[in-house]
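Next come the chains, spelled out residue by residue.
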Amino acid sequence: MTYPATLAKEIVRLDDPASGLDGFIVIHSTVRGVGAGGCRLRRYDDREALYLDAARLAEGMALKNALAELPFGGAKAVLNLPDEPFDRRALFRAFGRAVADLGGRYVTAEDVGTTMADMECVRTETRHVAGLRQLGDVAGGDPGPWTALGVFAAIEAAARVTLDRPLSALRVAVQGTGSVGAALCGLLADAGARLTIADADAARADAVAARHDARIVDGDAILTADVDILAPCALGGVLTGQGVPAIRAALICGAANNQLATPQVAAMLHGRGIVYVPDYAANAGGVISGTAEYLGESAAATQARIRDIGPRVAAILDAARRDGLPPVIIAEQWAATRYRRQAA
Ligand code: NAI
């Protein structure tokens, strides 16, 4: 097939049968700086699905990085998980060589399905990688906890603006208790929120439930749980047109990228009076940490920038309420303004 180049600035096909590397790097924009975005590893049905996920995620990174005022463009790598047993180190070294070939136009890091150990492996081939083990007062390391901190700041601010209640008086449903979701549950529980959780991996849900006295529900029931806030922290596309009428939460704010199955879902949620915090506004903590690591900044600088997510989300929601628009429209306008300012 021919890949629609208009959707992206640069598309790199990754195809190395010797290591099992099969995927794409998509650099959506370098207007604000080199493309930054993680590397996802999961099973895809076909090459088209692989490409479309990479393109959509790269576009999301461009918006996220611009909104967070980072001096980076948006990019993403998406790799197909091989069917057969494979040598993980060989695969990530091959990926590292592909990143090296881009000469610094793309900086990678962990995403769903990839780990710090994978990024250490990438590091043997290129320096354009973040999310590595860190020592001392430097930024970086596992991005999951940093993302959780930013999502927590977003939830706290959004609850104040839209529900006018502290987290200790609210019930929160968290879908996905992986790297981000588990850390988020810890922060929410510390703030006194009552938790309902779900994870496709029962052992993960059990561990979080035992730690934070959370209620577990099965599968998609989490999306319609009787709670005040829904935090999707598993995969994208979970908010669908068919699903919107059954949602009971008044506020949706989570870590998963591309939570809306289609752009129209934002208008449907708005129509029902449900406030949806744009995913890329809430979940920038990981990329803030990774880019700070890449630039050699301190952990204190990372924390300060992540704390800014709260006031930014509050400002987006205030503007959306003032203008009677879904918050995604405001966030897109603000990200576009930051692009134009940079391009001028
Ligand atoms: P992860 O892979 O550590 O955790 C995801 C969890 O969701 C796993 O425990 C998995 O079993 C569970 N899951 C998958 N499908 C599910 C379903 N249908 N119902 C319930 N649980 C399900 O991933 P991580 O790193 O926690 O990321 C979560 C989301 O946040 C992803 O969409 C990712 O793209 C996004 N994100 C992550 C960042 C990070 O720093 N790790 C940064 C920005 C976004």
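Refer to the structure above for everything that follows.
Predicted, not measured: the structure shown is a model, and the values here were computed from it.

Rules and cut-offs
- Residues numbered from 1 in each chain as written.
- Predicted model: local features only at pLDDT ≥ 70, side-chain atom pairs only at ≥ 80, totals over all residues.
- Heavy atoms only, no water.
- Helix = DSSP H or I, 4+ residues; strand = E, 2+ residues; numbered from the N terminus.
- Buried < 20%, exposed > 50% of the residue type's maximum accessible area, 1.4 Å probe, protein only.
- Contact = heavy atoms within 4.5 Å.
- Near = heavy atom within 4 Å.
- Polar contact = N/O pair within 3.5 Å; in protein donor to acceptor, adjacent residues only side chain to side chain.
- Areas by Shrake-Rupley, 256 points an atom, 1.4 Å probe, with all protein chains shown as cover.
- Nonpolar A, V, L, I, M, F, W, Y, C, P; charged D, E, K, R; others polar.
- Pairing = 2+ DSSP bridges.
- Salt bridge = Lys/Arg side-chain N within 4 Å of Asp/Glu carboxyl O.
- Axes fitted to C-alpha atoms, helices over the stretch in contact; angles between N-to-C directions.
- Parallel < 35°, antiparallel > 145°, perpendicular 65-115°, else oblique.
- Left-handed = near helix turned anticlockwise from the far one by under 90°.

Attention shifts here to the side chain of Thr147. Tracing the chain through its elements places Thr147 in helix H4 (residues 143–163). In this structure Thr147 comes out as buried when scored by relative accessible area, which is 9%. Residues contacting Thr147, with those up to four places away along its chain left out, are Val180, Ala255, Asn283, Gly285 and Gly286.

With that settled, the discussion passes to the site of the ligand. The immediate surroundings of the ligand are formed by 23 residues, with Arg40, Thr147, Asp199, Arg204 and Ala234 found nearest. Between the ligand and Thr147, the relevant distance is 2.6 Å, taken from an oxygen atom to a side-chain nitrogen or oxygen of the residue. Within the complex, the protein chains bury 83% of what would otherwise be the 820 Å² of accessible surface of the ligand. By residue number, the principal contributor to the shell around the ligand is H4, which donates three residues. Looking at the shell around the ligand residue by residue, the class counts come to nine nonpolar, eight polar and six charged.

Another aspect to go through is the sheet that holds strand E10 (residues 229–232). On the basis of which strands lie adjacent, the open sheet formed by six strands has the order E9-E8-E7-E10-E11-E12 and parallel pairing. Two strands in the sheet have a free side with no partner beyond their single neighbour: strand E9 (215–216) and strand E12 (275–276).

Under the defined criterion, the tally for this structure stands at 18 salt bridges. Glu125 is paired through a salt bridge with Arg97; the nearest N and O atoms lie 3.4 Å apart. Of this pair, Glu125 sits in the loop between helix H3 (116–123) and H4 while Arg97 is found in helix H2 (residues 88–101), placing the two residues 28 residues apart along the sequence. Shared partners join several salt bridges into a network, and the residues in it are Arg40, Asp53, Lys76 and Asp111.

Orientation of H4 relative to helix H9 (residues 285–295), taken along the N-to-C sense of each, is 130°, at an axis distance of 6 Å. One way to sum up the angle between H4 and H9 is to call them oblique. Like other packed secondary-structure pairs, H4 and H9 cross with a definite hand, here right-handed. Contacts between H4 and H9 pair Pro143, Trp146 and Thr147 from the former with Gly285, Gly286 and Ser289 from the latter. Partitioning the contact of H4 with H9 into residue classes produces two nonpolar, four polar and no charged.

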